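Survey of secondary and tertiary structure
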Amino acid sequence: QVQLVESGGGLVQAGGSLRLSCVASGRTFSMYDMGWFRQAPGKERERVASITRSGGMRSYGDSVKGRFTISRDNAKNTVYLQMNSLKPEDTAVYYCAARTRATFDTWGQGTQVTVSS
């Protein structure tokens, strides 16, 4: 079973940038669609972005369109989330996830992103 480990979170000022990485174990990474999700305190988990197994199709949540970019490198078993023009409302724990079946069902441990105003 694939295991996911996120990194790259931290504290940044509003308007700044961060790049999150998620490394997957195993040889089957290229078989899975991947996604980034986030959850802020007291709020439901929100889909941020997703990318198909080949990287050919990407989709974004409305709140991050034009600011965030998802990408993947199947040779490195890694999916990235480039976050630009960060806002305080982007503060959350960010999780990467793999869709191994019909839904995103395999999750990393999360990485905290805090944006100060």
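Rules behind the numbers
Residues numbered from 1 in each chain as written. Predicted model: local features only at pLDDT ≥ 70, side-chain atom pairs only at ≥ 80, totals over all residues. Heavy atoms only, no water. Core = buried A, V, L, I, M, F, W, Y, C linked by side-chain atoms within 4.5 Å. Buried < 20%, exposed > 50% of the residue type's maximum accessible area, 1.4 Å probe, protein only. Helix = DSSP H or I, 4+ residues; strand = E, 2+ residues; numbered from the N terminus. Contact = heavy atoms within 4.5 Å. Pairing = 2+ DSSP bridges. Axes fitted to C-alpha atoms, helices over the stretch in contact; angles between N-to-C directions. Disulfide = S-S within 2.5 Å. Polar contact = N/O pair within 3.5 Å; in protein donor to acceptor, adjacent residues only side chain to side chain.

Attention now goes to the nonpolar core. The biggest cluster of nonpolar side chains holds 29 residues, and the ones touching the most others in it are Trp36, Leu81, Met83 and Tyr94. For this core, the elements supplying multiple residues, two or more each, are β3 (18-24), β4 (33-39), β5 (46-51), β7 (68-73), β8 (78-83), β9 (92-99) and β11 (111-116). Setting aside residues up to four positions removed in sequence, Met83 forms contacts with Gly16, Ser17, Leu18, Leu20, Arg67, Phe68, Tyr94 and Val113.

Another aspect to go through is the sheet that holds strand β1 (residues 4-7). The antiparallel open sheet is built from 4 strands, whose spatial order is β1-β3-β8-β7. Lying at the two open borders of the sheet, with one neighbouring strand each, are β1 and β7. This sheet shows a mean twist of 15° between the axes of neighbouring strands, independent of strand direction. As defined by bridge partners, β3 adjoins β8 across 6 bridges and the pair is classed as antiparallel. Considered in β8, the bridge of Arg19 is made with Gln82.

Its identity is not glycine, yet Asn77 carries a phi of approximately 55°, on the positive side. Mapped onto the elements of the fold, Asn77 is located in the loop between β7 and β8. Judged by relative accessible area, Asn77 falls into the buried class, the value being 17%. Despite not being glycine, Ser85 shows a phi value in the positive range, around 50°. Its place among the elements puts Ser85 in the loop between β8 and β9. Relative accessible area serves as the criterion here: at 42%, Ser85 is assigned to the partly exposed category.

Counted under the stated rule, the structure contains 1 disulfide. Residue Cys22 pairs covalently with Cys96 via a disulfide, S to S 1.9 Å. Of the two residues, Cys22 is situated in strand β3 and Cys96 in strand β9; the sequence distance between them amounts to 74 residues. Pair check on accessibility: Cys22 and Cys96 agree, each one buried.

So, about the side chain of Arg67. Its place among the elements puts Arg67 in the loop between β6 (58-60) and β7. Among the polar contacts listed, one links the side chain of Arg67 to the backbone oxygen of Ser63, at a separation of 2.8 Å. A polar contact is formed between the side chain of Arg67 and the side chain of Asp90, at a distance of 2.7 Å. Not counting chain neighbours up to four residues away, the residues in contact with Arg67 comprise Gln82, Met83, Asn84, Ser85, Leu86, Lys87 and Asp90.

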